[in-house]
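Structural characterization, general
So you can see what is in the structure, the chains are spelled out below.
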Amino acid sequence: MNKKKKILLHTNHSKAFTGFGKNCKNILSHLHKTGKYDIIEACNGFQKSNPHLRKLPWKCVGTLPDDQARIDQLNRDPNIARAAGYGAETIDDIIKEFKPDVYIGAEDIWGFNQYWKRKWWNKTNCMIWTTLDSEPILPLAIEAAPHIRNYYVWASFAEREMAKLGFPHVKTLRGSLETDNFFKIDDSVREEARKSHLIDSNCFLIGFVFRNQLRKSVPNLLDGFSEFLRSNPESNAKLLLHTHWAEGWDIPRLIKEKEIDNSRILTTYFCSACKRYEIKPFDGQSKDCKYCGSKGTQNTTNVTAGVSESQLNEIYNLMDVYCHPFTSGGQEIPVQEAKLAELITLVTNYSCGEDSCTSESGAFPLEWAEYREPGTQFIKASTYPSSIAKQLSKVFKMTPAKRRSLGEKARKFTVENFSTEVIGAQLEKILDEMPFCEWDFDFTEKPRNPNYLPPDIKDNSEWLCDIYKNILNMDADPEFDEGHKYWMAEFYRGANREGVLSYFREVASKQNSEIVNPTDFNDLLDGDGPENRLAVVIPQSAGDVLMVNSLLSNLKSLYPSYDIYILTKPDFFPLIEDHPSVHKVLPYQEGIDDLLALEGRGSHKGYFDLAFLPHIGTQKIFNYQHNGKDKNQFELLSEL
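Computed from a predicted model, the values in this text were never measured in an experiment.

Basis of the calculations
- Residues numbered from 1 in each chain as written.
- Predicted model: local features only at pLDDT ≥ 70, side-chain atom pairs only at ≥ 80, totals over all residues.
- Heavy atoms only, no water.
- Helix = DSSP H or I, 4+ residues; strand = E, 2+ residues; numbered from the N terminus.
- Buried < 20%, exposed > 50% of the residue type's maximum accessible area, 1.4 Å probe, protein only.
- Contact = heavy atoms within 4.5 Å.
- Areas by Shrake-Rupley, 256 points an atom, 1.4 Å probe, with all protein chains shown as cover.
- Lys, Arg positive; Asp, Glu negative; His and termini not counted.
- Charge placed at Lys NZ, Arg CZ, Asp CG, Glu CD.
- Polar contact = N/O pair within 3.5 Å; in protein donor to acceptor, adjacent residues only side chain to side chain.
- Axes fitted to C-alpha atoms, helices over the stretch in contact; angles between N-to-C directions.
- Parallel < 35°, antiparallel > 145°, perpendicular 65-115°, else oblique.
- Nonpolar A, V, L, I, M, F, W, Y, C, P; charged D, E, K, R; others polar.
- Pairing = 2+ DSSP bridges.
- Expected span 1.5 Å × (residues − 1).
- Salt bridge = Lys/Arg side-chain N within 4 Å of Asp/Glu carboxyl O.
- Core = buried A, V, L, I, M, F, W, Y, C linked by side-chain atoms within 4.5 Å.

A tally of regular secondary structure across the chain gives 21 helices and 21 strands. In terms of its C-alpha atoms, the chain occupies a principal-axis envelope of roughly 100 × 65 × 60 Å. Looking at the chain residue by residue over its 640 residues, the buried ones come to 52%. Partitioning the intrachain contacts of the chain with sequence separation of at least 6 by distance along the chain shows that 64% fall at a separation of at least 24. Just so you have it, the chain exposes about 28900 Å², and 51% of that area is on carbon and sulfur atoms. Across the chain, the mean location of the 77 positive side-chain charges is 6 Å away from that of the 89 negative side-chain charges.

Shown next, in the form of structure tokens:
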């Protein structure tokens with residue numbers, strides 16, 4: 001009766017300055033406080049055993065392998081590296097280790113590509129909580145829909161579009177906000193904060209908080225701001241771009257191109273030494289901090305070194321209006337944060353923006369023109385600068401009482417629809433209706449096929465899809481997969497198929513060595529223990545296998561009571577499996593020629609009493625333990 005349901009949330013780290021990261025922190029804090037659940041956080045972008053992950057009130061593991069050499073190998077193929085970054089390499093092991101009753105994946109949908117084909121999918125309660133932001137809906141999201149019983153999106157826009165496609169089970173569960181962190185501060189405190197950053201009391205300050213991605217419409221905003229200035233010269237307006245200027249848009253170049261006075265564009269500098277921020281015009285990176293005097297420690301705020309929630313709340317309160325033009329988005333959390341600070345928000349009326357630009361939400365919509373994203377043909381919004389200027393003018397000319405009334409409405413709407421308490425309670429209901437998982441199913445995964453010989457396909461793109469599918473068991477979409485695009489570029493630069501095929505086989509062999517676990521391997525062996533089992537590992541080639549074949553009668557006479565197992569590649573089974581001294585032939589896989597794994601040591605009992613490996617013994621290549629039963633090995637090895 002007191003058993004707790006075990007919840008595994010797989011997403012950005014709860015300390016990351018991202019939308020998924022903030023949602024993770026809010027939701028896990030809420031669930032932890034209930035005391036109803038055992039919680040595990042699986043965070044992308046960290047190695048599995050990173051010591052920094054041990055400092056949370058719940059269990060936390062990274063989803064990258066601990067082995068740096070393995071990571072280096074994965075990084076050779078962008079497709080595989082990207083999947084590994086989302087946890088594809090370790091998620092099966094994490095599931096096996098923790099055996100959750102509920103798995104929640106909260107990331108972009110491509111972070112879970114083909115998860116529904118994994119052995120554990122829907123054996124436990126599986127839930128995807130993802131952001132879909134454009135029409136037409138991403139094909140992968142449509143492909144996944146029939147396999148995801150608990151499918152949640154962050155915006156009603158996505159729920160509506162999925163329903164049109166015949167998936168009414170897709171429901172909206174918005175990203176959560178900690179509403180106590182963002183609020184309107186006292187006017188006198190606000191004025192003091194403005195004064196400390198040299199912002200005039202009569203300045204009409206327009207704000208935009210964003211990750212500097214190309215889908216954030218910075219050029220459109222600058223054009224709209226410029227038009228607003230021409231129409232309202234008395235506004236003494238400035239534009240605060242709270243973002244990292246070292247990525248994405250080249251903002252200084254845009255400002256110069258649009259002939260805007262640089263002093264009218266402000267940004268946030270953050271000092272990594274004293275953790276204080278300063279609002280001022282952009283003047284490069286690595287600036288000296290005026291507060292603590294540290295040299296070169298001030299940079300524009302970013303996801304790894306940025307302001308705290310309380311500092312960000314103060315920054316919102318410096319603003320008079322918040323403007324968020326974008327091409328599309330999953331939720332755009334800064335919009336809700338600005339509303340909590342009781343700001344009127346101007347938001348592009350497309351995608352998730354539809355939920356946040358209604359009159360009920362204390363906002364005004366920004367009109368847009370449709371354009372198509374190259375390649376995907378997604379509908380994207382190009383916000384009209386004229387609409388930005390028009391809505392800015394509307395807010396500027398509004399009475400203080402009207403602004404205050406709309407700001408209060410904005411906060412009320414956000415608390416009722418986005419607060420951690422509301423979203424957390426909705427998630428609790430979903431979790432509590434799910435059954436406990438018995439965990440009595442088979443984890444065996446289909447092995448990769450490093451020996452696959454691809455047919456003579458003339459088209460390189462089709463040939464790549466064929467080896468992805470038949471060697472790595474991966475479906476590669478030429479239109480979306482970064483790995484496919486990478487290898488096509490390599491072909492263009494002169495790569496040959498032999499080299500590409502060799503790399504794929506290397507990856508497949510490595511993955512096979514990780515697929516095989518002790519239970520799987522024991523299933524291939526006869527008897528209850530390693531006693532009287534003997535292994536000869538001879539991966540290849542035909543000549544070596546034939547030589548071993550000629551020595552097996554002698555080996556059997558030296559160890560007459562032992563069953564002899566031969567571990568070799570399947571191609572060479574016919575050369576040795578009929579020998580009367582052979583008990584069984586097993587498929588060789590990379591990593592299996594580890595003497596301590598085969599013979600055991602310490603608490604690991606091992607699979608064989610004796611194992612002979614095709615190596616010259618050295619300190620690096622260990623092949624001479626043999627459990628102390630080695631009196632005959634030199635006679636055998638002298639013949640080998």
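We now examine the environment of Asp133. Tracing the backbone shows Asp133 in the loop between strand 5 (125-130) and helix 5 (139-144). Distance in space between the C-alpha atoms of Asp133 and Phe378 is 9.4 Å, their sequence separation being 245 residues. Once you skip the residues sitting within four places of it in the chain, Asp133 turns out to touch Phe157, Ser328, Gly329, Gly330, Tyr350, Ser351 and Lys380. Among the polar contacts listed, one links the side chain of Asp133 to the side chain of Ser134, at a separation of 2.8 Å.

Moving on, we come to the packing of helix 13 (residues 400-418) against helix 14 (residues 420-432). Contact pair helix 13 / helix 14: the axes reach a minimum separation of 5 Å and the direction vectors enclose 20°. For the element pair helix 13 / helix 14, the angle class is roughly parallel. Contacts between helix 13 and helix 14 involve Val415, Glu416, Asn417 and Phe418 on the former and, on the latter, Thr420, Val422 and Ile423. Classifying every residue of the contact of helix 13 with helix 14 gives four nonpolar, two polar and one charged.

Here the focus is unusual backbone geometry. The peptide bond linking Glu135 to Pro136 adopts the cis configuration, its omega dihedral lying at -15°. Position of Pro136 relative to the elements: it lies in the loop between strand 5 and helix 5. Although it is not a glycine, Leu198 adopts a positive phi angle of roughly 60°. Note that Leu198 resides in the loop between helix 7 (187-196) and strand 8 (205-209). Taking the relative accessible area as the measure of exposure, Leu198 reaches 72% and is therefore exposed. Residue Asn532 is not a glycine yet carries a positive backbone phi of 65°. By the secondary structure assignment, Asn532 is in the loop between helix 18 (518-522) and strand 18 (533-537). Owing to a relative accessible area of 36%, Asn532 belongs among the partly exposed residues under this scheme.

A few words on the sheet that holds strand 18. If you walk across this open sheet you meet the four strands as 20-19-18-21, and the pairing is parallel. Strands at the two margins of the open sheet, each flanked by one partner only, are strand 20 (582-587) and strand 21 (610-612). With strand direction ignored, the average angle separating the axes of adjacent strands in the sheet is 20°. For strand 18 and strand 21, the ladder comprises three bridges, and the chain directions are parallel. The partner of Ala535 across the bridge, within strand 21, is Ala611. Of the strands in this sheet, strand 18, strand 19 (563-568), strand 20 and strand 21 are in contact with helix 19 (residues 542-558), which crosses strand 19 at around 170°.

Let's shift gears to the sheet that holds strand 2 (residues 37-47). On the basis of which strands lie adjacent, the open sheet formed by seven strands has the order 3-2-1-4-5-6-7 and parallel pairing. Looking along the sheet, the strands with just one partner apiece sit at the ends: strand 3 (59-64) and strand 7 (171-172). In the packing of helix 3 (residues 78-85) onto the sheet, contacts are made with strand 2 and strand 3, and the angle to strand 3 comes to roughly 175°. Contacts between helix 14 and the sheet are confined to strand 1 (5-12), strand 2, strand 4 (102-105), strand 5 and strand 6 (150-153), with strand 5 contributing the most and set at about 155° to the helix.

Another point: the side chain of Gln298. Its location among the elements puts Gln298 in strand 12 (residues 298-300). A distance of 3.0 Å separates the side chain of Gln298 from the side chain of Glu278, its partner in a polar contact. A polar contact is formed between the side chain of Gln298 and the side chain of Lys280, at a distance of 3.0 Å. Once residues within four sequence positions are removed from consideration, Gln298 is found in contact with Tyr269, Phe270, Cys271, Glu278, Lys280, Gln285, Ser286, Lys287, Asp288, Cys289 and Lys290.

As a further point, take helix 12 (residues 385-396). Over its twelve residues, helix 12 extends 16 Å from the first C-alpha to the last, a length consistent with the 16 Å expected when each residue adds 1.5 Å. Turning to helix 12, its buried residues are Ser387, Ile388, Ala389, Gln391, Leu392, Ser393, Val395 and Phe396.

A few words on helix 8 (residues 218-231). Because each turn of an α-helix spans 3.6 residues, side chains separated by three or four positions in sequence point in the same direction. Spanning 14 residues, helix 8 covers 20 Å between terminal C-alpha atoms, matching the ideal 20 Å at 1.5 Å per step. Taking burial as the measure, the 14 residues of helix 8 include ten buried ones, the bulk of the element.

What follows concerns the pattern of salt bridges. As enumerated under the stated definition, the model contains 32 salt bridges in all. Ionic pairing is found between Lys36 and Asp432, a salt bridge with its closest N-O pair at 2.7 Å. Note that Lys36 is positioned in the loop between helix 1 (19-34) and strand 2 and Asp432 in helix 14, a separation of 396 residues in sequence. Among the salt bridges present, the one from Glu191 reaches Arg190, with a minimum N-O distance of 3.4 Å. By relative accessible area, which is 29% here, Glu191 ends up partly exposed. Looking at Arg190, the relative accessible area reads 13%, which means it is buried.

Moving on to the environment of Tyr565. Mapped onto the secondary structure, Tyr565 falls in strand 19. When the C-alpha positions of Tyr565 and Ala535 are compared, they lie 4.7 Å apart, and in sequence the two are 30 residues distant. Not counting residues within four places of it along the chain, the set of residues in contact with Tyr565 comprises Leu524, Leu525, Asp526, Arg533, Leu534, Ala535, Val536, His583, Lys584, Leu586 and Phe608.

With that settled, the discussion passes to the nonpolar core. Within the largest apolar cluster, 93 residues are counted, with the highest numbers of intra-cluster contacts made by Trp129 and Tyr316. Once residues within four sequence positions are removed from consideration, Tyr316 is found in contact with Phe182, Val209, Tyr322, Pro334, Glu337, Ala338, Ala341 and Leu343. Formed by 38 residues, the second largest nonpolar core is a distinct cluster that contains Phe112, Leu140, Val153 and Ile379.

Interpretation in functional terms is not warranted from these geometric data alone.
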